[in-house]
Amino acid sequence: MTSEVVVMNRTGVALAADSAVTVETGDSLKIRDSALKLFTLSKYRPVGVMVYNNASLLGVPMETVIKLFRRQLGKKAYGTLREYGDALVQFLDGNEMLFPRAIQDRYFLQAVETEYLRIREDFSKEFVERGVYAGGDGQADAAKDVIAGRA
């Protein structure tokens, strides 16, 4: 779990974050307590960014993503923080150098699979709690009623 704090007053902003982070390594997750979560988004303007929870995006470390964006941004300045955020999202969107299509597809399918398994588990728990099983003796009809929301 990430802890982040922002303190603001009329003359400035202070950002703080813990150093724990979850890192994906293949199909497993590891927690490390030495991650950087605060970055300057621009070398020439006082704009910062905090990374919440995961240290990577589609397997690319957020530190790398931010440094590459900062390099591309150069001395360009925006008038609002929203514009900086929009520029970062535009940098990420469709960036096949950082996120090749095959990697995007793999992560998408993993996310769909994870969600499918969660939904399946929720249905299974609901069937057990209601005493409904897709077996014989009319129980299949009862299971259909539960799925259809009639039970």
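The structure presented is a predicted model; accordingly, all values stated were derived computationally and were not measured.

**So, the nonpolar core**
L41, V65, I66, F69, L88, F91 and L98 are the most contacted members of the largest nonpolar core, which totals 17 residues. Elements supplying a minimum of two residues to this core: α1 (62–73) and α2 (81–92). With five residues, the top contributor of residues to this core is α1. For L88, the residues in contact, after removing those within four places along its chain, are L41, I66 and F69.

**Quick word on the packing of aromatic side chains**
Evaluation of the coordinates by the stated rule reveals two aromatic pairs. Both rings, one in F69 and one in F91, keep their centres 5.6 Å apart while their planes meet at 65 degrees; by these two values the pair is edge-to-face. With F69 in helix α1 and F91 in helix α2, the pair connects residues that are 22 residues apart, well separated along the chain. Neither F69 nor F91 differs from the other in exposure class; each is buried.

**A few points about the side chain of K37**
Looking at the element boundaries, K37 is found in the loop between β4 (28–32) and β5 (38–40). When its relative accessible area of 3% is taken as the criterion, K37 is described as buried. Polar contacts involving the side chain of K37 include one to the side chain of D18, which spans 2.8 Å. What K37 contacts, discounting residues up to four positions off in sequence, is T2, A17, D18, S19, A20, V21, V49, M50 and V51.

**What to know about the packing of α1 against α2**
Running from N to C, α1 and α2 cross one another at 110 degrees; their axes reach a closest spacing of 11 Å. The angle between α1 and α2 falls in the class roughly perpendicular. Taking contact as the criterion, the partners of V65, I66, L68, F69, Q72 and L73 in α1 are, on α2, Y84, A87, L88, F91 and L92. Partitioned by chemical class, the residues of the contact of α1 with α2 number 10 nonpolar, one polar and no charged.

**Here's the deal with the pattern of salt bridges**
By the definition in use, this model includes five salt bridges. For the salt bridge of R101 with E96, the shortest nitrogen-to-oxygen distance reads 3.6 Å. When its relative accessible area of 43% is taken as the criterion, R101 is described as partly exposed. Judged by its relative accessible area of 43%, E96 is partly exposed. We note a salt bridge from D122 to R118, for which the minimum N-O separation is 2.7 Å.

Conventions adopted
Residues numbered from 1 in each chain as written. Predicted model: local features only at pLDDT ≥ 70, side-chain atom pairs only at ≥ 80, totals over all residues. Heavy atoms only, no water. Core = buried A, V, L, I, M, F, W, Y, C linked by side-chain atoms within 4.5 Å. Buried < 20%, exposed > 50% of the residue type's maximum accessible area, 1.4 Å probe, protein only. Helix = DSSP H or I, 4+ residues; strand = E, 2+ residues; numbered from the N terminus. Contact = heavy atoms within 4.5 Å. Phe/Tyr/Trp six-rings, centres within 6.5 Å; stacked < 30°, edge-to-face > 60°. Polar contact = N/O pair within 3.5 Å; in protein donor to acceptor, adjacent residues only side chain to side chain. Axes fitted to C-alpha atoms, helices over the stretch in contact; angles between N-to-C directions. Parallel < 35°, antiparallel > 145°, perpendicular 65-115°, else oblique. Nonpolar A, V, L, I, M, F, W, Y, C, P; charged D, E, K, R; others polar. Salt bridge = Lys/Arg side-chain N within 4 Å of Asp/Glu carboxyl O.

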